[in-house]
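Residues per chain are reported as follows:
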Amino acid sequence: MRTAVRATAAAVLAATLAAATACAAGPEGGAPAGAVAPASPALTSPAPASPAVASPASASLASVPATLSFTGKTLDGTAFNAATLAGRPVVLWFWAPWCATCASQAWTVAEIAPAYRDTVPVVGVAGLGEQKAMTSFVTEFDLGGTTQIDDRAGVLWRRFKVAEQSTFVVLDRTGRVVHQGFLDGEALTRQVETLARG
């Protein structure tokens, strides 16, 4: 099974390299199933927390920053409301299932995300691929304990102006973007540790 997934990923990567510029391709338009949408003003208050995301008691309509005013679905089909993350620093990881850089970072994400789940949630934003390939990526790299948003439509990629993967968007507890771009494993770990200390 892994051999077939890797062969498929290699074929997709080769086609992408031939058509554009490797990891610099942005998401395409359209709205397939699993599209992520901005929350309407009436929906910016926290929804009941999904099993993957705990809702802080202090989050309220007034404290949800614009950067966290969106909803969507996770790769397993669970409803996701980013407003539940308000009041904490958050790391959004934009990745694609065929990206070699993303694969190398996945081990670090899988290691640190569970340890900081309550203080600095790490949320994957999967794009530029098919759901089956994304789900296989999550399984292969042990990312099942980390929330992974299905963003095949590229709504969040466009919202955060992400033009290539792997990109980390780091938000402080007020929702302000304090970093956007590449982070290797050590730099990601340092960022998360620093945010956790407050």
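Worth saying up front: this structure is predicted, and the values here are computed from it rather than measured.

### Section: the overall build of the protein
- In terms of helices and strands, the protein carries 5 helices and 8 strands.
- When the helices and strands of the protein are listed from N to C terminus, the series reads α-β-β-β-β-α-β-α-β-α-β-β-α.
- Per-residue burial over the protein gives 47% buried out of 198 residues.

### Topic: the environment of glycine 154
- Tracing the backbone through its elements, the reader meets glycine 154 in the loop between strand E6 (148-150) and helix H4 (155-159).
- For glycine 154, a relative accessible area of 0% corresponds to the buried category.
- Here the alpha-carbon distance between glycine 154 and valine 125, two residues 29 residues apart in the chain, equals 9.3 Å.

### Description of the sheet that holds strand E4 (residues 90-95)
- Spatially, 5 strands are ordered E6-E5-E4-E7-E8 in an open sheet, and the strand pairing comes out mixed. Among the strands making up the open sheet, the edge pair consists of E6 and strand E8 (177-181). With direction set aside, neighbouring strand axes in the sheet form an average angle of 15°.
- Where strand E5 (residues 122-126) meets E6, 3 bridges bridge the pair, whose relative direction is parallel. Counterpart to alanine 126 in the pairing with E6 is aspartate 150.
- Across the sheet, helix H2 (residues 100-112) is in contact with E4, E5 and strand E7 (167-171); its angle to E4 comes to roughly 150°.
- Its contacts with the sheet place helix H5 (residues 185-197) against E4, E7 and E8, and it is angled at close to 10° to E7.

Definitions and cut-offs
Residues numbered from 1 in each chain as written. Predicted model: local features only at pLDDT ≥ 70, side-chain atom pairs only at ≥ 80, totals over all residues. Heavy atoms only, no water. Helix = DSSP H or I, 4+ residues; strand = E, 2+ residues; numbered from the N terminus. Buried < 20%, exposed > 50% of the residue type's maximum accessible area, 1.4 Å probe, protein only. Pairing = 2+ DSSP bridges. Axes fitted to C-alpha atoms, helices over the stretch in contact; angles between N-to-C directions. Contact = heavy atoms within 4.5 Å.

Limitation: the analysis is restricted to geometry and does not speak to function.
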